[in-house]
Amino acid sequence: MDSTDYLKSHIRTVPDWPAPGVQFRDITPLLQDPRVFRVLIDTFVHRYMEPSLRPTVVAGLDARGFIIGSVVAYELGLGFVPIRKKGKLPFTTVEETYELEYGSATVELHTDAVKPGDRVLLIDDLIATGGTMMAGARLLEKLGAEVMEGAAIVDLPELGGSERLRASGLPLFTLVNFSGH
């Protein structure tokens, strides 16, 4: 079994959560088993050790992107930047508001989190509509950084987020695709 199939076999599907008809893709089993967690992290680390794909910093989206992103940054010997939900960062911030299916949300980044010219790997656990990752990329670019790639464990292609992100010019890497939502 290759690493993609191995990881996919450890993602739990929870039917009808948080609403009827939704097939929730739960990544917590990937994190609970140390062997599976190692495969997950190593898959990302080996990709970003490649000189042409090597970032200068890793940014993670609140909240599960923190788990993966911080460990990947540590393994690559890089710094980690959290992109948080509005009101969670104590220093001066920039913010970006984006649309959700029902309403909107805002994410923030410290103004000194990245420098102009930084090559940023932007990580989250899952891509659904792509709004959170797009907002994170815009924040990083406002500060002069280049988002060299967006990465996630799971892509839900039927929701259109990965297509929208790629159409915006953001290179994207995901480990597992699930049909349906």
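Parameters and conventions
- Residues numbered from 1 in each chain as written.
- Predicted model: local features only at pLDDT ≥ 70, side-chain atom pairs only at ≥ 80, totals over all residues.
- Heavy atoms only, no water.
- Buried < 20%, exposed > 50% of the residue type's maximum accessible area, 1.4 Å probe, protein only.
- Helix = DSSP H or I, 4+ residues; strand = E, 2+ residues; numbered from the N terminus.
- Pairing = 2+ DSSP bridges.
- 1 Å grid on protein atoms, 1.4 Å probe; cavity = no way out; pocket = protein on both sides within 12 Å on 5 of 7 lines; lining within 4 Å.
- Points joined across faces, edges and corners; volume = space filled by probe spheres on them.
- Core = buried A, V, L, I, M, F, W, Y, C linked by side-chain atoms within 4.5 Å.
- Contact = heavy atoms within 4.5 Å.

1. Considerations on the pairing of strand 6 (residues 103-110)
Then, in step 1: Counted residue by residue, strand 6 has 6 buried out of 8 residues, so it is predominantly covered.
Then, in step 2: When strand 4 (residues 79-85) meets strand 6, the two strands line up antiparallel, connected through 2 bridges. Note on strand 6: the bridge partner recorded for Lys85 is Val107.
Then, in step 3: Sheet topology note: the strand 5 (residues 93-100)/strand 6 ladder contains 8 bridges and is antiparallel. Opposite Val94, over in strand 6, you have Leu109 as the bridge partner.
Then, in step 4: Once strand 5 ends, the chain turns through 2 residues before running back antiparallel as strand 6.

2. Examining the layout of surface pockets
Then, in step 1: Put simply, the largest pocket is a space of about 1100 Å³.
Then, in step 2: The wall of the largest pocket is formed by 31 residues, among which Arg64, Leu100, Leu126, Ala128 and Thr129 lie closest to the centre.
Then, in step 3: Of all elements in the fold, only strand 2 (23-26), strand 4, strand 5, strand 6, strand 7 (119-127) and helix 5 (131-142) reach the threshold of two or more residues within the lining of the largest pocket.
Then, in step 4: By residue number, the principal contributor to the lining of the largest pocket is strand 7, which donates 4 residues.

3. Some points on the nonpolar core
Buried together is how nonpolar side chains tend to be arranged in soluble globular proteins.
Then, in step 1: In terms of nonpolar packing, the biggest core is built from 28 residues, with Phe44, Val72 and Ile153 touching the most fellow members.
Then, in step 2: Elements with a contribution of two residues or more to this core: helix 1 (3-8), helix 3 (34-49), helix 4 (64-76), strand 7, strand 8 (146-155) and strand 9 (172-177).
Then, in step 3: At 6 residues, the largest contribution of residues to this core is made by helix 3.
Then, in step 4: Ile153 has contacts with Ile11, Ile27, Leu30, Leu40, Phe44, Ile68, Asp124, Asp125, Thr174, Leu175 and Val176, leaving out every residue within four places of it along the chain.
Then, in step 5: Core analysis: the next-biggest nonpolar cluster, separate from the first, contains 27 residues, Val94, Met133, Met134 and Ala145 among them.

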